[in-house]
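Structural characterization, general
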Amino acid sequence: MAALRSYPFHLTQPPFSKTHYPTQSIPSQATTTNHRSFRQTQSRFYHLSLSLRTCAMTTAAFDGGFDRAAAVKQFEESRTGVKGLVDAGVTEIPTMFRHNPDPLPPAPTGSVSVPTIDLSLPRGVVVDTIRAASHEWGFFQVINHGIPASVIDKTLSAIRSFNELPPSDRSPYYSRSMTAGVSYSSNVDLYKSSAASWRDTIQVLTGPTRPDPERIPPVCRQEILAWDEHVTKVGRSLLELMSEGLGVGPHRLEQLTIGDGKVIVCHYYPPCPEPDATMGVVTHTDPGALTVLVQDSTGGLQVKYTEQDGKCYWVDIDPVPGALVINVGDLLQIISNDEFKSVEHRAVVRSRDKSRVSIAVFFNPAKRGDSDFYGPLPELISDERPAHYRNFTMSEFMGTFFSKQLASKALIDHFKL
């Protein structure tokens, strides 16, 4: 225990061409044509602002006649996400973003906290503590992981910079299609969820192959690509340590190509006029194998912790300067035959006047053919501990995930024996 600081998708549209990318500034000596185009763009977003403000005002209170489909359509056609509502000056959140109160209480102050593990300690100690944290919590934070604090700060700042561009600069990137490996939209389950969450997201598929860098917005392009390189090294190292913790050798998970399939998901949570009435991310589990996340100092990430007597609490994962948050996904719980736990978590909205940024990298198998099957590792199955899950392809696994709203906890149950 020495290593622990504490322990107790879809609409689609054609891929962008280079001519669709927004300019970063308007030349001071613009031609008459360009000036007229700029004025038309200003006018468009002025009227859009009025439309979004009107939408928010007219749907701010619960109403038996509320037409969610119409509200979602109007919101989606704005192509500016939740930040567009903030830019429009809303003082109340629209009905489509309102969530019912969660009955689960927060943990008593100071009673429990997610483990923080120092990766610079002896390997055997690190393996043991990661195994214990993965089994009991499904979550832990790591320090001394090798990524400089300056890189973390620069990457978080770049994501914030993109989301705080003027609406006219952000909207050309708005798309739910991941065909080109990059998307910018709001709420991956917008059309399936009962209530939308207060966040916008940039997704970049970086493994097994990267997309054309020109698809990534210039203001955060280099930072995202550099982050991919840094976090890939950390992810591979963690997979080796977790593989050792399962007792199957350091390279067993690597043989499943889990370190090769990657997607970077950059969440931006704008300031919110009614933080207690909505969610940043609803209660869910991650479908993939492993998640490596960095969050800014705002906080809001919470994990569900269950005591031995069955009592459940929401435990804050307080930001630790320079730390990364690691969590087990559904796929790794299945592969480990329940030795590691994929635990429900969420993000609450904290502030009326401050935004929050988090960047998650999801590690998944790169092999996804019809003959590539995944399930509990044979080495972990015995007469005393039989397999808890059946085998499946990644196509079936991810298809099941995307067929449901994010808040659904039925993914693992779907594959149980």
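Everything in this summary refers to the structure shown in the same document. (Residues numbered from 1 in each chain as written. Predicted model: local features only at pLDDT ≥ 70, side-chain atom pairs only at ≥ 80, totals over all residues. Heavy atoms only, no water.)

1. Quick notes on the packing of helix 5 (residues 149–163) against helix 7 (residues 221–245)
Between helix 5 and helix 7, whose axes approach to 9 Å, the crossing angle comes to 140°. Viewed along their axes, helix 5 and helix 7 adopt a mutual orientation that is oblique. With respect to the hand of their crossing, helix 5 and helix 7 are arranged in left-handed fashion. Along the contact surface, helix 5 presents Val151, Ile152, Lys154, Thr155, Ala158 and Ile159, while helix 7 presents Glu223, Ile224, Trp227 and His230. (Axes fitted to C-alpha atoms, helices over the stretch in contact; angles between N-to-C directions. Helix = DSSP H or I, 4+ residues; strand = E, 2+ residues; numbered from the N terminus. Parallel < 35°, antiparallel > 145°, perpendicular 65-115°, else oblique. Left-handed = near helix turned anticlockwise from the far one by under 90°. Contact = heavy atoms within 4.5 Å.)

2. As for the sheet that holds strand 6 (residues 281–284)
Taken in spatial order, the four strands of this open sheet run 6-11-8-9, and their pairing is antiparallel. If you trace the sheet from one side to the other, it starts and ends with strand 6 and strand 9 (312–316), each paired once. With direction set aside, neighbouring strand axes in the sheet form an average angle of 20°. Bridge analysis of strand 6 against strand 11 (residues 345–347) gives two bridges, and the strand direction is antiparallel. Looking across to strand 11, one finds that Val281 is bridged to Ala347. (Pairing = 2+ DSSP bridges.)

3. Side note on the packing of helix 4 (residues 123–136) against helix 7
Closest axis-to-axis distance for the helix 4/helix 7 pair is 8 Å, and the angle between their directions is 80°. Judged by the angle between their axes, helix 4 and helix 7 are roughly perpendicular. Residues Arg123, Val126, Val127, Ile130, Arg131 and Ser134 of helix 4 touch helix 7, and the partners they reach there are Leu238, Glu240, Leu241, Met242, Glu244 and Gly245. Among the residues forming the contact of helix 4 with helix 7, the class breakdown is six nonpolar, two polar and four charged. (Nonpolar A, V, L, I, M, F, W, Y, C, P; charged D, E, K, R; others polar.)

4. Structural notes on the packing of aromatic side chains
A complete count under the given rule lists nine aromatic pairs for this structure. Seen from their ring centres, Phe392 and Phe397 are 5.1 Å apart, and the 15° between their planes marks the pair as stacked. Overall, the relative accessible area of 0% leaves Phe397 in the buried class. One aromatic cluster is present, built from ring pairs that chain together Phe162, Tyr173, Tyr174 and Tyr184. (Phe/Tyr/Trp six-rings, centres within 6.5 Å; stacked < 30°, edge-to-face > 60°. Buried < 20%, exposed > 50% of the residue type's maximum accessible area, 1.4 Å probe, protein only.)

5. As for the pattern of salt bridges
By the definition in use, this model includes 21 salt bridges. Here Arg176 ties to Glu76 by a salt bridge, and the two come within 2.6 Å at their closest N and O atoms. Linking Arg176 in the loop between helix 6 (167–170) and strand 3 (182–185) with Glu76 in helix 2 (residues 68–78), this pair joins segments that are 100 residues apart in sequence. Residue Glu76 is classed as buried on the basis of its relative accessible area of 9%. A salt bridge links Arg346 to Asp102; its shortest N-O distance comes to 3.5 Å. Placement of the pair is Arg346 in strand 11 and Asp102 in the loop between helix 3 (81–87) and strand 1 (116–118), with a sequence separation of 244 residues. (Salt bridge = Lys/Arg side-chain N within 4 Å of Asp/Glu carboxyl O.)

6. Examining the pairing of strand 9
Of the pairings in the sheet, the one linking strand 8 (residues 301–306) to strand 9 comprises five bridges and is antiparallel in character. Each residue of the ladder has a partner; that of Tyr305, found in strand 9, is Tyr313. Hairpin remark: strand 8 followed by strand 9, antiparallel, with five residues in the connecting loop; positive phi at Gly310, about 95°.

7. Details of the sheet that holds strand 7 (residues 290–295)
Ordered by their spatial adjacency, eight strands build an open sheet running 1-2-10-7-12-5-4-3, and the pairing between neighbours is mixed. In this open sheet, the two edge strands, each paired with only one partner strand, are strand 1 and strand 3. Taking the axes of each pair of neighbouring strands and ignoring which way they run, one obtains an average angle of 20° across the sheet. Direction of pairing for strand 2 (residues 139–143) relative to strand 10 (residues 324–328): antiparallel, over a ladder of four bridges. Across the sheet, Val142 pairs through a bridge with Leu324, a residue of strand 10. Against the sheet, helix 4 makes contact with strand 1, strand 2 and strand 10, and its axis sits at roughly 165° relative to strand 1, the strand it touches most.

8. Brief notes about the nonpolar core
Counting 83 residues, the largest nonpolar core has Phe97, Trp227, Leu238, Leu324, Ile359 and Phe397 as its most contacted members. It is helix 7 that contributes the most residues to this core, nine residues altogether. (Core = buried A, V, L, I, M, F, W, Y, C linked by side-chain atoms within 4.5 Å.)

9. Points about unusual backbone geometry
The amide bond that connects Gly207 to the next residue, Pro208, takes the cis arrangement and shows omega of 10°. Topologically, Pro208 is positioned in the loop between strand 4 (200–207) and helix 7. For Asn187, which is not glycine, the phi torsion reads 65° and is therefore positive. Position of Asn187 among the secondary structure elements: in the loop between strand 3 and strand 4. The buried category is assigned to Asn187, whose relative accessible area is 2%. A positive phi angle is found at Thr257, which is not glycine, with a value near 60°. Positionally, Thr257 belongs in the loop between helix 8 (252–255) and strand 5 (261–269). A relative accessible area of 9% places Thr257 in the buried class.

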